[in-house]
Amino acid sequence: MTGTPAQVGRHGPTRRRVLTTALTAGAAALGAGTLSGCGSALAADDGSTVRLWDPFSGADGGLFNEMVAKAQPDMPGTHVERTVLEWGTPYYTKLAMASAGGRGPDVAVSHMSRLAGYAPTGLLDPWDMEVLAEYGITPDDFADAVWSRTQLHGRTYAVPLDTHPFIVFYHPGPAKKAGLLTADGTLDADAFSSPDRFLAAGRELAKASGKQGIAFGYVTDTAQCWRLFYGLYRQTGGRFELPEGGPAEVDEDRMAEVISFMAKVVDGTANPRRLDYASAIASFVNNQTAMILSGEWELGTFRAADKNIGAAPFPTVFGTPAVYADSHAFVLPHRDHPDEEQRRRTHRAVAALLKAGQVWAGAGHIPASQPVTRTAAYARLEPQAHYARAASHVVLDPSVWFAGAGSDFQNAMSQVLQQALLGGTTPDRAARAMVRRLNTFLSKPSPA
Amino acid sequence: MTSTIDPPLPRPKAAPRSPVIREVAARRRRAEARRAHLSLGESRTARVLTFTVLTVLALLWLLPAAWGLLTSFKSEQDASDPAHWLWPKHGFTLDGFRSVWERGELPLWMFNSFLVAAAVTVITVAVSAMAGYAFSRTRFAGRKTLFTVTVAAVLVPPQMLLVPWFQQMLTLDLLDTYAAVILPQTVAPVMVFILKKHFDSLPRELEEAARLDGAGHFRIFWSVLLPLSRPMLSAVGIFVFIGAWNNFLWPFVSTSDPDLMTLPVGITSVKDAYGVQYAQSMASAALAALPLVVVFLFFQRHIIKSVATTGLGGQ
Amino acid sequence: MSSPLAPSRPGTHPARRILPPGLLFALPFLVLFALFMVWPLVQGLWMSVTDTSLSVHSPSFVGLDNFSEALQDAEMWRALGHTVWFTVLSTVPLVVVALGMALLVHTGLPGQWVWRLAFFAPYLLPVGVVSLLWLWLFQGDLGLFNQLLNALGLDSVAWLSDTSVAMWSIVLTTLWWTVGFNFLLYLAALQSVPDHLYEAAAIDGAGAWRRLFSITLPQLSRITVVVTVLQILASLKVFDQIYLLTKGGPDNSTRPVIEYMYDVGFTGYRLGYASAISYVFFALVILASAAQYAALRRREK
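Since we're looking at a predicted model, the values are computed, not measured.

As a further point, take the overall build of chain B. Counting secondary structure elements, chain B contains 15 helices and 0 strands. For chain B, the proportion of its 315 residues judged to be buried stands at 45%. By sequence separation, contacts in chain B at least 24 residues apart represent 75% of the contacts at least 6 residues apart.

Structure (structure tokens):
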């Protein structure tokens, strides 16, 4: 192949020369910019930076920054450097890979529901409770229901930051008009205490608001259906045993009952039928619906729209009080040879963040540290105070390696449920399909 | 199939400097006109129709990027406003770009991309050229077998090496380092194949003359063959650089540390702490697209030539 | 360049006069080749017969269990199906549209650099940019496509969240992104069609369409084969844009086999099983290459 003849000497500013100069100048500017950036990063990395990974974006992200700022006096000289990664499966994948490589962050936020799959793999290091005690954090500070999930083989693998349950929010106006509030202005749990009553309340709300009653966003969502389902199912008191290797021991009839109820809630007349996560929020915020079934983490969004927003623990529809929740916790990615000083600094930073938990409550979460929730300041928070008591009867995901926030399992379950809610399958068939998928998960070997 | 790629670009406004060049340009224009005539015939309607179709297609193809660019210059509020989706209510702003740039990660990712792509290019071209020369012009035991193995390796998709590479880097404790990202990308059997063919095609007289003068292999390679191969090497180099710059999968798997991410990985993995911001998202996309598009605008001919020739050697 | 690498393969000792100079030249490549192609292939095979996982526990030998599990894994077959489906859906447009573009541009009308830029520039964009852009275009309420549909009085389409539409959306994105490459190849081929063929046809009075079908297309048949083969092989390896646009969803309805391998290995920690899947994928690629090679040979006969 013959090539092009070499460029015969051109004089003056040729295109090539101009570009070369421009590129060099640009590269120099870029290099200077990044090197100075590198410089400051390196300077900070003289050991006083604690690197933290978390999935908190949106309103949560802003509040977390505030919490870090508020915790600063308790961790002098330490700078917490946050990296926010995309929520869900990619977050845990990246965290696991980074921990495997030994160059992960100093500390990371993990959902408690994920611990059963994560901790036994050896990718996490246990916390040093003595060091934490030095900085004022002891196991007594946490509710049993939550603390029990942090333990593996007698060591503590997670320090809880909060509990975030799945609850109900409502506009007080229509709720009052529908006669669903008690004398002191809180939601009348009785009015929702059975499937029929729940559905009737929805119709009343629709009438009172002039639009529709209860919003629930679930279409294409990978977790919403599961959250609603599992909380309700545990309310029925039914078994949900997942022995290793399977088969699952669950009550299919009760499952079908719950699914049938869920399908009736999104009937399309009193309540909207096909909302996805975002449009449900939009519908509630714009007063197209009077009530929404949602995680409490959306409190910030709702309160921005309506200062007087009401909230209540998820009503006990099926007899036994149970509220679906998960918990954010701090975990230590594994290091072969951890720097003692750095570990100590990390413990201190986490202790400081926990003590500043009042800020986190502003996001709607229930701080896990009870010394924070027992303060008068917390009791004054409205409407958080109205659902704080849900923390005493929360249920998390089953403690099995494949479950947990952002897991394939939640997605698989939600997909089946979504079909049932959209009318594609009957509740019986949906229940059977769920059990089938459960057994498939159980049949796979745990990677730990 | 090889051919000299000579895109019939009309010479730009600058007047050519010598009568020879002027004549060449004129001849090219006549050839172009003739080609248009040959393909379309005399029919005016055919011309207009073709022109229209081309324009519509080009507009369609430019639309996505134009839309993204438009969004990047809007304020966040306007970007999420369904009512005024075309023209922003509050006018245009550089806020999106400013926020993205100030976060500080984008320049770092650009630097990482540049470092990785440059390293991969230099190493790959050097190593492949030397190997191509060795297979073409030298003799040693096992040469044919090794070359066959190399060509066979073209069949191996890099995607299937993902897990073993990861395990390898894990064992060597190189995860989340530049070396881990760069090294696996330097093995390019396709380039060795292409360069070997290229060296095969070079005339042997020059070498023989040099050898008579007492030059050894290295001198022949360095002083005789390499200068002759400059166009081919730059074609290979450009292709490798573009591939390395745009590579997603391996950098994605081998780096979890945001400080080490390359541009494509960074902009898709790290989320803003303040939620999904469309204007910022488009701003970061625009900035990430900028380097190669700028290079393309200036090196159009070289890049096109490079892609056309090396592309034929396999992807 | 030095690094704490300990090559375990023989024959990579430092150069001595005993080594022929040719081998010396090829050595850097051969070392890298051995380290990053041969060793991983072997190690992958080894991992596929163990239960290696991301956790810190040492792996144990499991024989062909991973392979038998893979062949019975409905999800894996589904993922392979998605890969093949994507290849089928995308190859035809990517070849035909590229050919059409090249033919139109080759007519030599003024404005050449505009067409070239418009059609080829997307190819230079990294997949991260392409996916961010098209995620925004496909966005349910605010994206351009649905805005345009609504403006015309039509319903919005759930581009990426409707299982029956998602793969088509991905194909559309891929078409926009990579057609420029094939377009260039076709353009180069068109430019090498000898002029005299056209002149002769013109003298014979053949019209433009006759010339197209009797001269141009037959002359392009070889490059078409090349382009198609390259395209099929490239499409089989798809991962990036599907992962970034839908993460394999909705409901894993678009997940290609490479992403399944990634999910099983890195999300599910089961590196051994993932290796087995990668070898199944390799078999698919070899099969496709062999089939195409056989078809090529038959053509040339």
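More follows now that the structure is in view.
We now examine the overall build of chain A. A count of helices and strands for chain A gives 19 helices and 15 strands. Within chain A, residue pairs in contact and separated by at least 24 positions form 80% of the contacts whose partners lie at least 6 positions apart.

This part takes up the environment of A:Ala223. Residue and element names in this part refer to chain A. Along the polypeptide, Ala 223 turns up in the loop between β8 (212-215) and α9 (224-235). For Ala 223, a count of 20 C-beta atoms within 10 Å gives the class buried. In sequence terms Ala 223 and His 171 are 52 residues apart; their C-alpha atoms lie 25 Å from each other. Those residues in contact with Ala 223, other than ones at most four positions away along the chain, are Gln 410 and Ser 414.

Residues and elements named next belong to chain A. The backbone of His 153 sits at a positive phi, close to 50 degrees, despite the residue not being glycine. Among the structural elements, His 153 can be located in the loop between β5 (151-152) and β6 (155-156). Even without being glycine, Asn 287 reaches a positive phi, approximately 60 degrees. Following the sequence through the fold, Asn 287 ends up in the loop between α11 (277-285) and β11 (289-295).

All names here are of chain A. Pairing between strand β1 (residues 49-54) and strand β2 (residues 79-84): 6 bridges, direction parallel. Bridged to Trp 53 within β2 is Thr 83. Taking the sense of rotation as the criterion, the β-α-β connection linking β1, helix α2 (residues 58-71) and β2 turns out right-handed.

With that settled, the discussion passes to the packing of helix α2 (residues 44-72) of chain B against helix α5 (residues 127-137) of chain C. Contact geometry for α2(B) and α5(C): axes closest at 10 Å, N-to-C directions at 85 degrees. Accordingly, the angle class assigned to the pair α2(B) and α5(C) is roughly perpendicular. Counted together, B:Pro64, B:Ala65, B:Trp67, B:Gly68 and B:Thr71 of α2(B) and C:Leu133, C:Trp134, C:Trp136 and C:Leu137 of α5(C) form the full contact between these two elements. Taken together, the residues of the contact of α2(B) with α5(C) break down into 7 nonpolar, 2 polar and no charged.

A few words now on the interface of chain A and chain C. Counting residues at the interface gives 12 residues for chain A and 13 residues for chain C. Of all the elements, helix α3 (residues 89-101) of chain A adds the most residues to the side of chain A that touches chain C, at 5 residues. When its residues are assigned to classes, the side of chain A that touches chain C shows 6 nonpolar, 6 polar and no charged.

Another aspect to go through is the confidence of the model for chain A. Per-residue confidence for chain A gives a mean pLDDT of 83, with 89% of residues at or over 70. Confidence over residues 1-13 of chain A falls short of pLDDT 50; this stretch has 9 contacts with residues more than four positions distant or in other chains.

Moving on: the interface of chain C and chain B. In this complex, chain C contributes 81 residues to the contact, which on the side of chain B involves 91 residues. Element by element, the count of residues in the side of chain C that touches chain B is highest for helix α1 (residues 21-48) of chain C, at 16 residues. Residues of the side of chain C that touches chain B, tallied by class, amount to 59 nonpolar, 18 polar and 4 charged.

All names here are of chain A. What the domain assignment lists for chain A is domain 1 (48-164 + 327-379) and domain 2 (167-324 + 395-443). Between the C-alpha centres of domain 1 and domain 2 the distance comes to 29 Å. Contacts between domain 1 and domain 2 engage 19 residues on the former and 16 residues on the latter. For the side of domain 1 that touches domain 2, the secondary-structure elements that each account for two or more residues are α2, α3 and α4 (115-118). With 3 residues, the top contributor of residues to the side of domain 1 that touches domain 2 is α3. Its residues assigned to classes, the side of domain 1 that touches domain 2 comprises 7 nonpolar, 9 polar and 3 charged.

Counting 300 residues, the largest nonpolar core has C:Phe183, C:Tyr186 and C:Ile277 as the members making the most contacts within it. Looking at which element gives the most residues to this core, the answer is helix α5 (residues 105-137) of chain B, with 17 residues. When near neighbours in sequence (up to four residues on either side) are disregarded, C:Phe183 contacts C:Ala98, C:Met101, C:Ala102, C:Phe119 and C:Phe120.

As a further point, take the domain arrangement of chain B. Domain boundaries in chain B define domain 1 (19-97) and domain 2 (103-270). Each of domain 1 of chain B and domain 2 of chain B has a C-alpha centre, and these two points are 35 Å apart.

Turning to the pairing of strand β13 (residues 323-333) of chain A, a few remarks are in order. Residues and elements named next belong to chain A. The element β13 is largely enclosed, with a buried count of 11 among its 11 residues. Of the two faces of β13, the one carrying Val 323, Ala 325, Ser 327, Ala 329, Val 331 and Pro 333 and the one carrying Tyr 324, Asp 326, His 328, Phe 330 and Leu 332 are both buried. As defined by bridge partners, strand β3 (residues 107-111) adjoins β13 across 4 bridges and the pair is classed as antiparallel. Following the sheet pairing, His 111 is matched in β13 by His 328. Of the strand pairs in this sheet, strand β7 (residues 159-170) and β13 are connected by 6 bridges, and their pairing is antiparallel. Residue pairing in the sheet places Thr 163 in a bridge with Ser 327 of β13.

Closest axis-to-axis distance for the helix α7 (residues 162-171) of chain B/α1(C) pair is 8 Å, and the angle between their directions is 95 degrees. The angle between α7(B) and α1(C) falls in the class roughly perpendicular. The segment α7(B) lies against α1(C), with B:Val163, B:Pro164, B:Trp165, B:Gln167 and B:Gln168 engaging C:Pro40, C:Gln43, C:Gly44 and C:Met47. Split by residue class, the contact of α7(B) with α1(C) holds 5 nonpolar, 4 polar and no charged.

Residues and elements named next belong to chain B. When pLDDT is averaged along chain B, the result is 81; 86% of the residues meet or exceed 70. When pLDDT is averaged over each element of chain B, helix α8 (residues 178-182) comes out on top at 92 and helix α1 (residues 19-40) at the bottom at 68. Note that residues 1-13 has pLDDT below 50 and, in this model, 21 contacts with residues that lie over four places away or in other chains. This complex was scored by the predictor with a pTM of 0.80 and an ipTM of 0.82.

All names here are of chain A. Mapping Ala 116 onto the fold places it in helix α4. Given 21 C-beta atoms within a 10 Å radius, Ala 116 is considered buried. Each C-alpha atom of the pair Ala 116 and Thr 220 lies 26 Å from the other, and the pair is 104 residues apart in sequence.

Calculation notes
Residues numbered from 1 in each chain as written. Chains lettered and ligands numbered in written order. Predicted model: local features only at pLDDT ≥ 70, side-chain atom pairs only at ≥ 80, totals over all residues. Helix = DSSP H or I, 4+ residues; strand = E, 2+ residues; numbered from the N terminus. Buried ≥ 20, exposed ≤ 12 C-beta atoms within 10 Å, placed from the backbone. Contact = placed C-beta atoms within 7 Å. Pairing = 2+ DSSP bridges. Right-handed = clockwise from strand over helix to strand, strands pointing away. Axes fitted to C-alpha atoms, helices over the stretch in contact; angles between N-to-C directions. Parallel < 35°, antiparallel > 145°, perpendicular 65-115°, else oblique. Nonpolar A, V, L, I, M, F, W, Y, C, P; charged D, E, K, R; others polar. pLDDT = per-residue confidence, 0-100. Domains from an automatic or database assignment. Core = buried A, V, L, I, M, F, W, Y, C linked by C-beta atoms within 7 Å.

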